[in-house]
Amino acid sequence: MSRLASPGEKMFVIDQSRCIGCKSCVEACTECGTHRGHSMIHLDFVDRGVSTQTVPMVCMHCEDPTCAEVCPADAIKQNEDGIVQSALKPRCIACANCALACPFGVPKVMLELEQMMKCDMCFDRTSQDLAPMCASVCPSQALWFGTAAEFAASRAGVLVDEFVFGRQVVRTKVYTVAREPGPLTVLVGGTQRPWQDDPFGLEEGEDG
Amino acid sequence: MARPPQTEAELVARYGPHVNQAPPGGWNAGLDGIDREVPTHCCFCGQQCGIVLKVKNEEVVGFEPRYDFPFNEGKLCPKGVKRYLQGSHPDRLLTPLERAPESPGGFRPIGWDAALDRVVAEIRRIQGAHGADAFAMLSGVSLTNEKSYLIGKFARLALGTANLDYNGRLCMVSAGTANKKALGIDRASNPWSDIRVADVIFVAGANVAECAPITTSYIWQARDRGAKVVVADPRVTPLARTADVFLGLRPGTDSALMGTILHVLIARDWLDHDFIAQHTEGFEAAAEAVREYTPAWGARVTGVPAKRIELAAELWGTSRTGMLLHARGIEHHTKGVENVLACLNLGLATGKFGKPGCGVSTITGQGNGQGGREHGHKCDQLPGNRDITNPEHRKYIASVWGCPVDDIPGKGKTAQEIVNAIHDGEIKGLLSICFNPAVSLPDTSFTAAALQKLEFYAVIDFFLSESAYYADIVLPGSLHEEDEGTSTSVEGRVIKINAAVKPPGQARRDWEILLDIARRLGKERYFPYRSTREMFDELRVASKGGTADYSGITWERIEAENGVFWPCPDMGHPGTPRLYEGGRFHTESGRGKFHAVRYRLPAEVVDDDYPVWLTTGRVVSQYLSGTQTRRIGPLVEQYPEPLCEMHPRLAERLGVRSGDVVRVSSRRGSMTLPASVVETIRPDTVFIPYHWPGARAANQLTQRALDPLSKIPEYKVSAVRVDRVGPGAVPIDARDVGLTERAR
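Residues numbered from 1 in each chain as written. Chains lettered and ligands numbered in written order. Predicted model: local features only at pLDDT ≥ 70, side-chain atom pairs only at ≥ 80, totals over all residues.

## Quick notes on the sheet that holds strand β6 (residues 135–139) of chain B
Residues and elements named next belong to chain B. Quick note on the threshold: Two strands pair if DSSP finds at least two bridges between them. Helix numbers and strand numbers start at the N terminus; a helix is a DSSP run of H or I with at least 4 residues, a strand a run of E with at least 2. A fitted line through C-alpha atoms serves as each axis, taken over the contacting stretch for helices, and the angle formed by two N-to-C directions is quoted from 0 to 180°. Distance between backbone-placed C-beta atoms decides contact: two residues are in contact if it is within 7 Å.
Pairing is mixed across the open sheet formed by seven strands, whose spatial order is β5-β4-β18-β17-β16-β6-β7. The open sheet has two free edges, formed respectively by β5 (107–109) and β7 (164–166), since each of these has just one partner strand. Here the average twist between neighbouring strands, direction ignored, is 20°. For strand β17 (residues 456–461) and strand β18 (residues 473–476), the ladder comprises four bridges, and the chain directions are parallel. Residue pairing in the sheet places V459 in a bridge with V474 of β18. Contacts from helix α3 (residues 112–130) reach β4 (97–99), β6, β16 (429–433), β17 and β18, with the element oriented near 130° to β18.

## Quick word on the domain arrangement of chain B
Residues and elements named next belong to chain B. To keep it simple, the criterion reads: Segment limits for the domains were obtained from an automatic or database-derived domain assignment. In this count, Pro and Cys sit with the nonpolar residues alongside Ala, Val, Leu, Ile, Met, Phe, Trp and Tyr, while Asp, Glu, Lys and Arg are called charged and the others, Gly among them, polar.
Here chain B is described as being made up of domain 1 (8–86), domain 2 (107–170 + 369–572) and domain 3 (173–363 + 589–618 + 643–689 + 714–744). Centre-to-centre separation of domain 1 and domain 3, based on C-alpha positions: 32 Å. Counting from both sides, the interface comprises eight residues of domain 1 and, opposite them, eight residues of domain 3. Taken together, the residues that form the side of domain 1 that touches domain 3 break down as four nonpolar, three polar and one charged.

## Regarding the pairing of strand β1 (residues 10–14) of chain A
Here β1 of chain A pairs with strand β6 (residues 143–147) of chain A via five bridges, running antiparallel. Opposite M11 of chain A, over in β6 of chain A, you have G146 of chain A as the bridge partner.

## Quick notes on the nonpolar core
This is how the line gets drawn: In this description, a nonpolar core means buried residues of the types Ala, Val, Leu, Ile, Met, Phe, Trp, Tyr and Cys, linked to one another by C-beta atoms lying within 7 Å. Counts of 20 or more other C-beta atoms within 10 Å of a residue's own C-beta define buried residues, counts of 12 or fewer define exposed ones, and intermediate counts define partly exposed ones; C-beta atoms are placed from the backbone.
If you look at the biggest cluster of nonpolar residues, it comprises 283 residues, and the most contacted ones within it are C134 of chain A together with I201, L247 and I261 of chain B. The contact partners of I261 of chain B, leaving out residues within four places of it in the chain, are I309, A312, A313, W316 and L346 of chain B.

## Details of unusual backbone geometry
A cis amide bond links G16 of chain B with the next residue in sequence, P17 of chain B, at an omega value of 15°. One can find P17 of chain B in the loop between α1 (8–15) and β1 (36–41). For the peptide bond that leads from W566 of chain B to P567 of chain B, omega is -5°, which places it in the cis range. Along the polypeptide, P567 of chain B turns up in the loop between β21 (564–565) and β22 (592–593). At C122 of chain A, a residue that is not glycine, the phi angle is positive and equals roughly 45°. By secondary structure assignment, the location of C122 of chain A is in the loop between β5 (115–117) and α4 (123–126).

## Thoughts on the packing of helix α4 (residues 145–159) of chain B against helix α22 (residues 532–543) of chain B
All names here are of chain B. Condition: These descriptions rest on fixed angle ranges, namely under 35 degrees for roughly parallel, over 145 for roughly antiparallel, 65 to 115 for roughly perpendicular, and the rest for oblique.
Here α4 crosses α22 at 70°, and the two axes come no closer than 9 Å. Judged by the angle between their axes, α4 and α22 are roughly perpendicular. Judged by residue contacts, N145, E146, Y149 and L150 of α4 engage T532, M535, F536 and L539 from α22. Of the residues belonging to the contact of α4 with α22, the class tally is five nonpolar, two polar and one charged.

## What to know about the interface of chain A and chain B
On the side of chain B, 58 residues touch chain A, which itself brings 49 residues to the contact. Going through the elements one at a time, α1 (24–29), β2 (42–45), β4 (108–110) and α5 (133–137) of chain A are the ones with two or more residues in the side of chain A that touches chain B. In terms of residue class, the side of chain A that touches chain B is built from 18 nonpolar, 17 polar and 14 charged.

## Re the environment of E292 of chain B
Its place among the elements puts E292 of chain B in the loop between α11 (283–289) and α12 (295–302). With 189 residues separating them along the chain, E292 of chain B and S103 of chain B place their C-alpha atoms 66 Å apart.

## With respect to the pairing of strand β19 (residues 485–488) of chain B
Residue and element names in this part refer to chain B. Of the two faces of β19, both are covered, the one formed by G485 and S487 as well as the one formed by T486 and T488. Examined bridge by bridge, β19 and strand β20 (residues 493–497) share four bridges and lie antiparallel to one another. Its bridge partner lying in β20, T488 is registered against V494. Linking β19 back to β20 in an antiparallel pair, the connection comprises four residues, with G492 at a positive phi of about 85°.

This is how it looks when you write it as C-alpha cells:
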C-alpha cells in the first residue's frame, strides 16, 4: 500500500475523525515562511446545524495532479519529492481553473496577488527535517507527520491513498485514514455510534 | 469616586480592544535575522504548553513549536499559536494613568512617583479611617508562583488586610475543596501520561477540545489502544461527538448522574471490595445516600436515558483502568464540591487511584491555577497549601517571613464576597492585578455598581481591562513574556517561564511595582528581593512540610528535568508524578474518604417566567475575560461575538432561525445576540460563551449564588427566557468565499 521511497521517509496523514475544529492548523499555517499571513488550510464544519464535525484539508499532493493538468499557463509544478507547488507567480494568470478542477477543493486564488496558492507541505520546514507547521501544532493530531513504522506502532486505522471520483482514480502522497480495510463509499458515511442519531435520547424517552 | 470617566465607546476608541493582526513590521518583515529563540510556556490555560518565542529587535515576532517539551511535544491550540501577537500591541499601557474625566479617553498619564504616592496615600487613608480590612486585594492565577507567593505576603504584611482573594475562586476551588476533603491533597491525581494507558476515560463537564485542547491528543492515544470514552455534557462538544457513550444531562444534575452510576456499580457489584476495605472509609454512608438512585430515577432527574447511564457505569466499573476527568462543567455550581465528591466516590468504589491509568482529576483551567492557589493568594491559605486558621501553620510561615505571628491576618473574604462587601460599603478600597471582575464575575450590573462605590481603586495590568475603566490609578505591569519565574501545570508539574523581552515604555514587572508599594508603606524589611529567583528560594522554604512541598525543586532541576512534580520534599527526591500510590491517601487516617452525596436542586430552577436553562462556558479561540485574546485579530475572527446556541426544537417553538437576533433575559438582566440553531445542545438549554464585556457579557444573566464551601459562583445553571427580536445581519458563509481569498 505504501509507496514511500524509503522506510525512514515521513508521510503526512489526515484523520478527519479526530478533528476538533480548533483551527490551530489554520493559524499556524499563516506563520509559514513561504506564505506569511495566508493560511493554505481549509477547515470547515460539515454541517454545524447537525454536528460539531469539522474537516481539515491540506493539499493531497496527487501523483498526477489535476490542478497542473488543467492549468492553461503550465504554472503548477511538482518537485522530485512529489510535492505539488503553488502556481509560479510569473506564469499564473489567476484563472482559477485549478481551484475549480481540484477534486479535493484545495487551491485558492489570491485575488490581490493574482496567483493561485496552496499547501506546499511546508517545504521550508520539511527540507530541514522539521514537521509541517499544521501537523506540529494539531492538538488532536488529526494532522500527523511521521514514518509508516511510527504510524503502525501508535495509531489505529488503515491508511488510504487512492480515491475514486466518478471515472477518475486519484492516488495521493498524503494519506487519510479509514477504520477498516477495503473500499469506503463516503456518500454513505462512516460507521456511527448508536447514540449519534439521537444524542439527547429524545426519541428513546428517558426510560429507554 | 470610581466611575467610568467616559462612555464605553470613548474608552474603547482610546484603549481598545484593537486587534493586532500581524507581527511587528508586518508579515513581509520576515523572520530573517532572529536575535534569539526563548523556550518558555504558553501564557494562557493550565495545560502550560511549551513554546519557543522568536525575538528580533527586542520584540516577540513569532513562535516555533517546542518539540522537546514532553507535555505537548510542539502541539499548540490557536491561542498558543497567536499569543505572540499580544506583544508590541497598540493598546499596551506604557505609563501609569490617573483618572481625569476631562482628558481624552478619561485618563491622563502621570509619573510613577505620583502614581505610587497616590496609591499609598489612599491605602493609608482608607485603612486609617475604616480599618485594615477595608482595603482589599484581588489577584489572579495567570501569575507565576513567585508573584503568587509575593502577593500572598504583600497583602498580609504590606497591606495588612485579610481580604485577599483570587480569580481561581471562579475556577478550580470546588475541585480543590473536594480533593482535600476526600483525598487530603489539592492536585490532579495523575500525570497526563496516565491518560494514555487508561482503558476507559470518563469526561464529565469538560469541553476538552476547546478548553484544554492538548488533552485531546492524550485521549486519542488511549483510544488508539482501544480505550472507551464516556462524555457527560449538556452539549455534544467536539470531543463528545466521538464518544462511545454520551450522557447529555440537564444542567445542574451532575451529582444525580454520578449518584446513579454509584448505585449501579453497587447493584451490579462492579466494586473493588479489597480497595474499599483496605484504603477507604465511609462507603456505607455513601452507598446509603444513593440507595434510591435507580437508573429510572436518574433518567428522570438528569434527562439521560437509563440504559446509557447503566452502560457508562458498566464501562467504568468493569474496566481494569480508568481516568475520570472533570472541569468547570461540574464545578461551577452551588453544589460544585458535592459534584466532585460524587466523582471521587466512583474512583474510590472501583479502586481507581494510585495506579497507572487510574485516577479522578480536575482539569485545572488557568495557567497557574494549580501553583497560584498553593502559595498564598487564596483568602484561606498560606504557602505550601497551608491553612491560615491553623496555629501551627501560621507559626511556621511567621518564622519564614520573620514577622510576629499575629501580624498575619486571619481568613478573609472570597472573591465574590469581597465584591459583595464593596457593594455593601464595608470594603472601600481595592487593588487588583490579573483579574477582570467586570467581565468574569456573575451578575455584571451588580459588579459594576460595586466598583462604582469604591472610594479608591488601583489596577495593575498591561491593557486597560473593563475593570480598569473604574480605576483611579492604573499601573502598567508586565506580560507573561516579560518576566521569569515558575508555574505549576494541570499535572502538578512545576515548570520554568523565561523572559523573552523587557516591559516596554515605562511599564514595569509586576513584582517591582508591588515591592515599590511595600517600600512606600514602610514594609521593605519583608521584601528584600532583587529577583524573582530569590522569591522562589524563599517559597521553597515556606512550602517545606506543607502538602504542596516545593523544597526540593530548583530552577536548575526544572530546566534539566523538563519540570518537577510536587510534592518534592528534598533535593534527592524525584518528584511525585502520580499521587496515592499503594492506596495511601493524604488524609489524617491515610484512607480515601467516601462522602454521602444526595442530589439537590440548583439555586435557580426554570419556571413559567424563565422556562429555559442557561449554561455558560468558553470557545477555543478566546481565553477567560478576553483581555488578551480579544486583542488578537486572528483569534477574534474565529469567533467574533457571542452566539446563543439552541436546539431546533426550542428554536421552532420560538420562531427563531439560525442568525436571528434573540433576547435572553434572566432575573439579573438581559442581552441580545444572534442565535446559532444546532442539534448539539439539549432542547431545554441554551449556551452562551462568556468572554465579552458590557452588552455582550453572558454574565449579565448569571447569578451570585455560591457553593457553601468553595464559594464558586453557579455559572453553569441559570433560568432564562428567550424571545426572538428579529432577523440578524445577512450571514456570510465562509464556504461561499473559500475559492478565492483577498490577500491581507
